[in-house]
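Structural overview
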Amino acid sequence: MDTSKRSVIAFIGTGLMGGPMARNLLKAGFSVRVWNRSAEKAQALVADGAVLAASPPEAAKGADIVITMLSDGKAVHDVLFDAGVAQTLDKDAIVIDSSSIAPPIAREHAEKLKALGIHHIDAPVSGGVVGAAAGTLAIMAGGDEAVISSLSDVFAAMGRLTYVGPSGAGQLCKLANQQIVAITIGAVAEAMMLVEAGGASREGFRNAIRGGFAESRILELHGERMVKRDFTPGGPSKFQLKDLNGVLATAKDLSLDLPLTQKITQAFDDFVNDGGADIDHSGILLYLEKLNSRER
C-alpha cells in the first residue's frame, strides 16, 4: 500500500489526546476531517485546517484512514458499527484505533472489519498530553505488519512507532505500560509523603534523585505535579482505573497473579469512588495523604 496516495484521514475523538494528534497530522500536510461528541473540541481544529464533520460517518465517507481516539471499547464499537463508520468506508480502507481498550475487543473489531474488507490496527499510545502535543508519543501497533509499515508517514507525524505483534498485541502492550505507570506513580507518591513526614523537602528530594536509578518520566512529570500540587487532568484517574481493571482481567485469563497491580488498582478504585475520577492520576497522592491523615 502506498500511503503517499492516502490523503484523507478521518479523526474521530479529538479530546485531550486526539486533538493534538490530529493537529500534528494537519501540520504534516494530511487532509483531516474531524468529529468529536463535544463539537467544540473538534471545531477548535478548523483554524488549523481540519474539516469539521457533523457525524462519524460524514467524517469517514471517502476517507482512506480512520483514526479513533475514544474513551473505551464500547465507545469505539458504537462509532464503528452502530453509528455506521464501518459501513461507510470503502474496501481496503484502514482503521487505526488509538483508544485504550481490552485486547479481546480489539481482536473482535479486527474480525468484524476484515469481513467488510477493511484493515484494522490497534495502535494505543503513551506519552500523555505533553507527548501528543509534541508529536513524540510511543505508539504500540498490533495487526498486519505490512499494513502498519505502509503507514509509517502517518504514524511519524504523531510519534515513534513500534510493531509489537498481531491483532490485539498493541492493546496488550498498552495495558502493560499502564501497569508500570500506575505502580510507579504510586511509588513516587508514597516516597513524597515519606520524605515530607520526616522533615525533608519534596522538591529537594525530587531534584536530588534526578539522574539516579529512580529517574523516570514519571518522576520528572508527575513528580513535579505532586510538588506543585497541580492535578489538572492530563490522564484522568478514571481512565487509569479502567486500564488497571483491564490488566487484571487479562491476567486472570492468563492465570497470572499480579499482587502489586492488585494493590494499586484498589487504591485507584478507592480514589475514583471518593471523588477523584476526573483528577489526574498523579493525584493518587491526595488519596494517600487522606489515608494517612496528612491532608492539606
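Structure shown above.
The following paragraphs examine the structure supplied in this document. (Residues numbered from 1 in each chain as written. Predicted model: local features only at pLDDT ≥ 70, side-chain atom pairs only at ≥ 80, totals over all residues. Heavy atoms only, no water.)

Moving on to the environment of Pro-103. Among the structural elements, Pro-103 can be located in helix H6 (residues 103-115). Sequence separation between Pro-103 and Met-69 is 34 residues, and the spatial gap between their C-alpha atoms is 15 Å. Pro-103 has contacts with Gly-168, Gln-171, Leu-172, Leu-175 and Thr-250, leaving out every residue within four places of it along the chain. (Helix = DSSP H or I, 4+ residues; strand = E, 2+ residues; numbered from the N terminus. Contact = heavy atoms within 4.5 Å.)

Quick look at H6 now. With 13 residues, H6 extends 19 Å from end C-alpha to end C-alpha; this agrees with the ideal 18 Å at 1.5 Å per step. Turning to H6, its buried residues number three or more, namely Pro-103, Ala-106, His-109, Ala-110 and Leu-113. Taken down its axis, H6 places every buried residue within 120 degrees of arc, on the same side. Relative to its buried face, H6 has exposed residues pointing more than 90 degrees away, namely Glu-111 and Ala-115. Looking at the packing, one finds that the buried side of H6 touches helix H4 (73-82), helix H5 (85-88), strand S5 (94-97), strand S6 (119-122), helix H10 (169-197) and helix H13 (237-253). Among the residues trailing H6, Gly-117 stands out with phi positive, at a value near 80 degrees. (Expected span 1.5 Å × (residues − 1). Buried < 20%, exposed > 50% of the residue type's maximum accessible area, 1.4 Å probe, protein only. Arc of directions from axis to C-beta.)

So, on to the side chain of Asn-36. Take Asn-36: it is sitting in the loop between strand S2 (31-35) and helix H2 (39-43). The exposure class of Asn-36 is buried, given its relative accessible area of 12%. Only 2.8 Å separates the side chain of Asn-36 from the backbone nitrogen of Thr-14, close enough to count as a polar contact. Here the side chain of Asn-36 touches Ser-38 through a polar contact of 3.0 Å, landing on its backbone oxygen. (Polar contact = N/O pair within 3.5 Å; in protein donor to acceptor, adjacent residues only side chain to side chain.)

Moving on to the pairing of strand S8 (residues 137-142). Consecutive side chains along a regular strand alternate between the two faces of the sheet. In terms of residue burial, S8 counts as a mostly covered element, since 5 of its 6 residues are buried. In terms of strand pairing, strand S7 (residues 125-126) meets S8 through 2 bridges, oriented antiparallel. Across the sheet, the residue bridging to Val-125 is Ile-139, located in S8. In terms of strand pairing, S8 meets strand S9 (residues 159-165) through 6 bridges, oriented parallel. Along S9, the bridge assignment pairs Ala-141 with Tyr-163. (Pairing = 2+ DSSP bridges.)

Size it by volume and the second largest pocket reaches roughly 240 Å³. In this structure, the second largest pocket is lined by Ile-183, Gly-186, Ala-187, Glu-190, Leu-260, Lys-263, Ile-264, Gln-266, Ala-267, Tyr-287, Leu-288 and Leu-291. Per-element accounting of the lining of the second largest pocket gives the leading share, 5 residues, to helix H14 (residues 259-276). Each residue belonging to the lining of the second largest pocket can be placed in one class, and the counts come to 8 nonpolar, 2 polar and 2 charged. (1 Å grid on protein atoms, 1.4 Å probe; cavity = no way out; pocket = protein on both sides within 12 Å on 5 of 7 lines; lining within 4 Å. Points joined across faces, edges and corners; volume = space filled by probe spheres on them. Nonpolar A, V, L, I, M, F, W, Y, C, P; charged D, E, K, R; others polar.)

Closest axis-to-axis distance for the H13/H14 pair is 9 Å, and the angle between their directions is 145 degrees. The handedness of the crossing between H13 and H14 comes out as left-handed. For the pair formed by H13 and H14, the contact residues are Ser-237, Lys-238, Gln-240, Leu-241, Leu-244, Asn-245, Val-247 and Leu-248 on the first element and Thr-261, Gln-262, Ile-264, Thr-265, Phe-268, Asp-269, Phe-271, Val-272 and Gly-276 on the second. A breakdown of the residues in the contact of H13 with H14 according to their chemical character gives 8 nonpolar, 7 polar and 2 charged. (Axes fitted to C-alpha atoms, helices over the stretch in contact; angles between N-to-C directions. Left-handed = near helix turned anticlockwise from the far one by under 90°.)

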